[in-house]
Structure formats: C-alpha cells, structure tokens
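Reading the structure
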Amino acid sequence: MTHAIEAHDLRKTFGGEVRALDGVSFAVEEGTIFGLLGPNGAGKTTAVRILTTILAPDSGTGLVLGHDVVAQADRVRTLIGLAGQYAAVDENLTGRENLTMVGRLNHLARDVVAKRATELLEQFGLSDAGDRPLKTYSGGMRRRLDVAAALVARPKVLFLDEPTTGLDPHSRVDVWGMIDHLVEEGTSVLLTTQYLEEADTLARDIAVVDHGRVIAEGTPAQLKADLGATVLDVGLADPELARRAASILGSVGAKSPTVVGSTVELPVDDGPRIAIEVLRLLDQNALVPTTFRIREPSLDDVFMALTGKRTEADEEEATSIPTNGRHRRRREPSVAGTSDGGAR
Amino acid sequence: MSTTTTAITYEAGLAPAAGPAMPRGAARLGWAVADALTITKRNLIAYTRIPESLFFSTLQPIMFVLLFRYVFGGAIHPPLGLTYIDFLMAGIFIQSVGFGGIGTAVGLSEDLQKGLIERFRALPMARSAVLAGRTTADLVRNVFVLLLMTGVGALVGFNFPNGAPGFIAASALALFFAYALLWGFAVIGLAASNSETAQVMAFPILFPLIFASPAFVPLTSMPGWLRWFATNQPIGAVINAMRSLMLGARYVPGSTSGHVLVALAWCVGLLLVFAPLAVWRYRRIS
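Residues numbered from 1 in each chain as written. Chains lettered and ligands numbered in written order. Predicted model: local features only at pLDDT ≥ 70, side-chain atom pairs only at ≥ 80, totals over all residues.

Quick notes on the overall build of chain A
The number of helices and strands found in chain A is 12 helices and 14 strands. Relative to its 344 residues, chain A shows a buried fraction of 51%. The long-range fraction of contacts in chain A, counting pairs at least 24 apart against all pairs at least 6 apart in sequence, stands at 68%. (Helix = DSSP H or I, 4+ residues; strand = E, 2+ residues; numbered from the N terminus. Buried ≥ 20, exposed ≤ 12 C-beta atoms within 10 Å, placed from the backbone. Contact = placed C-beta atoms within 7 Å.)

And the structure:
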C-alpha cells in the first residue's frame, strides 16, 4: 500500500553541531491526519522541511505518495501544499493577488486560478478582505490566507507546520474545522503541533518527537492507555490536607497518587467503581473534597511520562504541577502502600 | 481590522487533485519564463505599495535633478562651455539606478526573512524565477526612473546635445550597467541576515564609487590619485562612455567607441562575476 507520507530514518545535522533529526521514521496513511507532536526545537519543522523538498536530509529517505523527496522533488512539489508557522505570504499583495501568484507558480491556467482564488477567499471567510493588502490583515486572517494559499493547487498531501501557534482560541477552532473538512474531502495531512489538545482533537495517529527522535507512536487512545484508563482528580481545601488524602488513598489506584497543589491525582483502571471507594475513605477520615473529577489522562500526562518534562505550551503551569509515573521527578512526596498511614 | 471574517464556509472545491507535472525540455524553459514573469509582476506590484520604494523611484530622482541643477549647478563649471544640466544627466542616471539597487538587496533579504523564499522552494516553480523575477522587475523600475528623470531634465534645460540616438544609446548603457550591478546587490541581499544589514552592507560600497567619480563634478578639481581612481573605476568608465554618447565625443577625451568598449567590458565582467555568485548563494540557502 502506498502511504501519503513515509519517513525512513531521517537524519539532519546543522553546522556539524545541532542534531535536528536523529533517525526519524513514521508513515502517514492516505486520507488521515497524522500529528507530529513535540516541544519547540524537537525537530518537527526540520522533518517538514525535508518532506516538502526544501531541505535535503543528511541520510534517510522521505516519500510523498511513493515519490522520493530528493530524487523526484519536482514531482513531489506538484502533489503537496505547505502552510507554515510564520504565514509565508507577501504582505504587500492583496489576499487575492497572493493566491493568484501561488496558483500561477503551480502553472494553473489564468481563468482556473481566478476562479479558485475567489472560491478560497469565500471558503476562508476572506471575501471582504480579499482585495486589501495583507498589511491590513489580523494574525488570524493571515494564517487563514496562508492555509488557503497552500490549497490553491488542490494538493493531495498537505503539510501544516504549527498552523495554530499564536492564534486566539476562536481562530484555532476555525482552523481545526477547516482541517477536518479537508480530510473528509480526501486530503492527507501532516500536522505538527506543540498543543497536545490539538493533536488529540485532530490526529488519527500521533508520533511524539523530542530531541530529533520519535519517542512514542500510536493513536491518542493508545498513548493515553499507557498511563491507566482514567485519572481521578480530588481537590481539597489546602496542600496539607491533600497530602493527608494522598497517603490515605495510597493503595486504592493502579499507581501511586500524586499531589498537585491541593489536588490529588490518582490513576485508576476502573474510575467509577474506585470513585466510590475513594469517597468512602475520605469520608471515614473526615476529609471533604472541594472538587472531584473523573477524567481521561491528557496527552500532556503522556508527554510528561515519556520525556520527564512539560510541553512548551504548559511551561508556566509546570512550576506548580508536580509529577507522577515512572519517569517523573517527584516534587511532592507520594505515599504508597499505606492506605491508613496518615489517618488518625 | 475586519471582524466579519470569522465564519468559514465549506463548499465544494477543496477536494484534492494533482497539479500539472513539471515538463521537460523546451516546455520547461517556457515554465521558467512564465515563473520569472509571475515573480516580476509580484515585485512590481509591491513597489507601488511600499511607500519607501515609491519615494526612491519617483520623488527622489526628481528632487535630485532639481537640487543639482539649481543648488550645486551654479557653482560647478563643466568643460568646454557645457551647461551643468547637460553635464549632470549621465551622472544622475547612474546615481539613481545605483542607489535603486539597494532596493534589490533589501527586497531579497526580506523575502528570505519572511519565509517567502521557503514557500517558493516547496512550489513546483523554476528555481531561477526568484532571482530572474527580482532583477527583471528592477530593470523595469529603472526604465521608469530614467524616463521620469529625462522628462524632468528636459523641463529644466537638458537639450539632448548629441541628438536622440546618442541619448538612447547612453540610456541603454546605463540600464545594462544597472542590471549587472543588480546581481551584485542580489548577492548582498542573499548574504545579509536581515534587511537592515543588507542596507548597511550596500551603502559603503556604493557611496565612494558614485561620488568619487565624474558623476557630479569635472575631474579637474580632484587631486591626481583620486582623478585616476574616478576615471578607471567602473562607474567612472560608464559615465565617461555615456557622456561621450549623449553629449558628443569632443567633451570626453578619447574616442567614443573606446569608452563604450571599456564600459561594456565592465558590465559584462560584473555580470559574469555576480550572476553565478547570486545563483550559487541562492541554491545554498537552507
């Protein structure tokens, strides 16, 4: 079977020093969204630049619909669309002129390009702004135009390099809707992102990259399953009470609980059943939860477990969020195996 | 800022389809020309929308003609009873197209910085189009600037001393020289890390070449060593050839054909050095 994109052991070092890619392999099935997830500097953009023929790898092979990105670069360029993090559009031209230029550079006929530009401006809600220079556009509008430009030639394979970085939540949801729609129409998408939520929402398969390597791969559900099926968050009035609760709940869950501020995070296999047990134990010890939540583990939990660090987007929160799991640093002592150790 | 743009509607037309494959042979050359013209058009449109480049291509040349004609002109006495405006035209042509070349360097370096060239490299377009389109657009801009200055010059007393053919030949030489020079500016634009650096790199090269030349004053007032430099450096050689063509051979010592040959040699030489260098530089961008 031909994949939309295949990366085989891609390696790239810049200036003999910085190892951007250290043997990256993955495959994107046709008609699906594949998420390349990782923090800043993980090598995501380098992978995209190699697969879009902009950069040659030091070693390894990239294929787009079976065509080699180095040996058949010309062919590959007729099949792909690229929208980048920095909205590579000409700000002196109008939206329509930008789309027309890209269409002409794809060697589409003049009348086809004109029709396509109008169509895309409409689809991206830029009809009113289409004949204004891009200098007058907001960040979200520029980003939409950038994505529109990537679609002018109706590419079979679309590369979106952090398409929502820096966008407000509303524009982000707009872009998500658009990506979903493209895939319904049959486009294959490689999406890079540092937002776990984004990969979780959009991608069918995810590769987590860090320091130029793929450190985990699978569906969002598979990655999350590594951590246990569910997490119980039990909030208490203050961190001291939370520590007491953690010691009481030590052997109830699948793994030891972690204290995050005044919340106890408890990975469990069977959330609802364990919830009863947890509430009973808290009640017996006269501890009253202020909040109580059963949730799926987030991809952030997965990333944390894999790399021992938070993603960029969550860095400011990281200072107040301690960790749990095998590979995590422990900022708060968690007590295991003594279900009544802290009770009096 | 428009706020009416948040609703994205989806209709038919997003479905993928392969674009035309890149052809080989002669058809490929056709694509290369078409791509270069697309980029040319894009750059020309941009020039009309960037206030700075509009200023440098319209108001500044007009101001310089008037400034030199009326402010400095009275104090400078060209040889053999020539009027200053007649003497000035060749020099001010080269000064304008020369400084205009800074726009080439700045434009290319901005394209690099803003990721546009990156996008171009992922498109099925000819590799040559970015440089060919940029230099063609700047050639077109130079034609416009020379026409504008000719008009203003004629209004303030320039009277084509050697007739139209000589003037046209001199203008063509100025354009050819400017085109060769553009490739040098392209190298600077591709080498600079940002547009400010490109500007800073271009000025110190251009300034002495333009002002230590016969562009604005007769060489007789300069010390001997400077006079030698001013005569033999490329801008001096081109201005002498232009004057010989547009004013008449008697105003510049030496034969017209001799001056023109030296000037053409400079143009071809600069082009042979800078064009491959720019292309090499462009290919190495990563």
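From this point, the discussion proceeds with the structure in view.
Here we look at the overall build of chain B
Along chain B, the regular secondary structure elements total 10 helices and zero strands. A principal-axis box enclosing the C-alpha atoms of chain B has dimensions of 75 × 45 × 35 Å. A fraction of 80% describes how many contacts in chain B between residues 6 or more apart in sequence connect residues 24 or more apart.

What to know about the packing of helix α6 (residues 163-191) of chain B against helix α9 (residues 234-246) of chain B
All names here are of chain B. It is the contact of α6 with α9, at a shortest axis distance of 7 Å, that shows an interaxial angle of 160°. It follows that α6 is roughly antiparallel to α9 by the angle criterion. Regarding α6 and α9, the two cross each other, and that crossing is right-handed. Two secondary-structure elements touch here, α6 through G166, F167, A169, A170, L173, A174 and F177 and α9 through V238, A241, M242, L245 and M246. Considering only residue class, the contact of α6 with α9 consists of 11 nonpolar, one polar and no charged. (Axes fitted to C-alpha atoms, helices over the stretch in contact; angles between N-to-C directions. Parallel < 35°, antiparallel > 145°, perpendicular 65-115°, else oblique. Left-handed = near helix turned anticlockwise from the far one by under 90°. Nonpolar A, V, L, I, M, F, W, Y, C, P; charged D, E, K, R; others polar.)

Quick look at the domain arrangement of chain A
Residue and element names in this part refer to chain A. Structurally, chain A comprises domain 1 (5-219) and domain 2 (225-318). Summarising the inter-unit geometry, the C-alpha centres of domain 1 and domain 2 are found 37 Å apart. Taken together, the contact between domain 1 and domain 2 spans 11 residues of the former and nine residues of the latter. Every element with two or more residues in the side of domain 1 that touches domain 2 is listed here: α7 (196-202), β9 (205-210) and β10 (213-218). Sorting elements by how many residues they give to the side of domain 1 that touches domain 2 places α7 first, with three residues. Counted by class, the side of domain 1 that touches domain 2 contains seven nonpolar, two polar and two charged residues. (Domains from an automatic or database assignment.)

Focus on the sheet that holds strand β12 (residues 258-260) of chain A
Residues and elements named next belong to chain A. Ordered by their spatial adjacency, four strands build an open sheet running β12-β13-β11-β14, and the pairing between neighbours is antiparallel. The sheet is open, and its two borders are formed by β12 and β14 (291-295), each paired with just one other strand. Ignoring which end each strand starts from, the neighbouring axes of this sheet average 20° apart. Examined bridge by bridge, β12 and strand β13 (residues 263-268) share three bridges and lie antiparallel to one another. Among the inter-strand pairings, V259 is bridged to a residue of β13, identified as V264. (Pairing = 2+ DSSP bridges.)

Quick notes on the sheet that holds strand β7 (residues 157-161) of chain A
Residue and element names in this part refer to chain A. Taking strand neighbours across the sheet as the criterion, the six strands line up as β6-β7-β8-β3-β9-β10 in an open arrangement whose pairing is mixed. The open sheet is flanked by β6 (80-83) and β10, the only strands paired with a single partner. Averaged over all pairs of adjacent strands, the angle between strand axes in this sheet comes to 15°, irrespective of strand direction. Both strand β3 (residues 33-37) and β9 contribute to a ladder of four bridges, which runs parallel. In the sheet register, L36 faces β9, and the bridge partner there is A207. Against the sheet, helix α5 (residues 139-151) contacts β6 and β7, and its axis sits at roughly 170° relative to β6.

Some points on the pairing of strand β2 (residues 18-28) of chain A
Regular strands place their side chains on alternate faces of the sheet. The sheet contact formed by strand β1 (residues 5-14) of chain A and β2(A) spans eight bridges and is antiparallel. Paired with A:L10 across the bridge in β2(A) is A:V24.

Things to note about the packing of helix α3 (residues 84-113) of chain B against α9(B)
Residue and element names in this part refer to chain B. One way to put it is that α3 packs onto α9 with a least axis distance of 9 Å and a crossing angle of 140°. It follows that α3 is oblique to α9 by the angle criterion. The two elements α3 and α9 cross, and the hand of that crossing is right-handed. Two secondary-structure elements touch here, α3 through M89, A90, G91 and I94 and α9 through I235, V238, I239, M242, R243 and M246.

Quick look at the pairing of β3(A)
The element β3(A) is largely enclosed, with a buried count of five among its five residues. A two-sided burial pattern is seen for β3(A), the buried positions comprising A:I33, A:G35 and A:L37 on one face and A:F34 and A:L36 on the other.

Here's the deal with helix α4 (residues 110-123) of chain A
An ideal rise of 1.5 Å per residue puts 20 Å on 14 residues; α4(A) measures up with 20 Å between its terminal C-alpha atoms. Residue A:G125 follows α4(A) closely and has a positive phi angle near 65°. (Expected span 1.5 Å × (residues − 1).)

Regarding the nonpolar core
Counting residues in each nonpolar core, the largest one holds 148 residues, and the members touching the most others are A:L191, B:I94, B:A174, B:V238 and B:M242. For this core, the element with the most residues is α6(B), which contributes 16 residues. When we break this core down by domain, the ones giving at least three residues each are domain 1 (5-219) and domain 2 (225-318) of chain A. Of all hydrophobic cores here, the second largest spans 17 residues; its members include A:L232, A:V234, A:A245 and A:V259. (Core = buried A, V, L, I, M, F, W, Y, C linked by C-beta atoms within 7 Å.)

Some words on the environment of A:R49
Residue and element names in this part refer to chain A. With respect to the secondary-structure elements, R49 resides in helix α1 (residues 44-51). The sequence separation of R49 and I274 amounts to 225 residues, and the corresponding C-alpha distance is 48 Å. When near neighbours in sequence (up to four residues on either side) are disregarded, R49 contacts I54 and L55.

Comments concerning the confidence of the model for chain B
Residues and elements named next belong to chain B. Scored by pLDDT, chain B comes out at a mean of 89, with 92% of its residues at no less than 70. When pLDDT is averaged over each element of chain B, α9 comes out on top at 97 and helix α4 (residues 116-121) at the bottom at 88. Below pLDDT 50 for its whole length, residues 1-14 participates in 31 contacts with residues either more than four positions away or in separate chains. Model confidence for the complex is summarised by a pTM of 0.80, with the ipTM given as 0.85. (pLDDT = per-residue confidence, 0-100.)

A few points about the confidence of the model for chain A
For chain A, per-residue confidence averages 83 on the pLDDT scale, and residues scoring 70 or more make up 87% of the total. Scored below 50 in pLDDT, residues 312-344 of chain A shows 66 contacts in the model against residues more than four places distant or in partner chains.

What about unusual backbone geometry?
Most peptide bonds adopt trans geometry, and most residues besides glycine take a negative phi value. Residues and elements named next belong to chain A. A positive phi angle, close to 50°, is found at D9, a residue other than glycine. With respect to the element layout, D9 can be found in strand β1. Its 13 C-beta neighbours within 10 Å are what place D9 among the partly exposed residues.

Description of the environment of B:A237
Structurally, B:A237 is set in helix α9. Distance from B:A237 to B:M149, taken between C-alpha atoms, is 21 Å for residues 88 residues apart in sequence.

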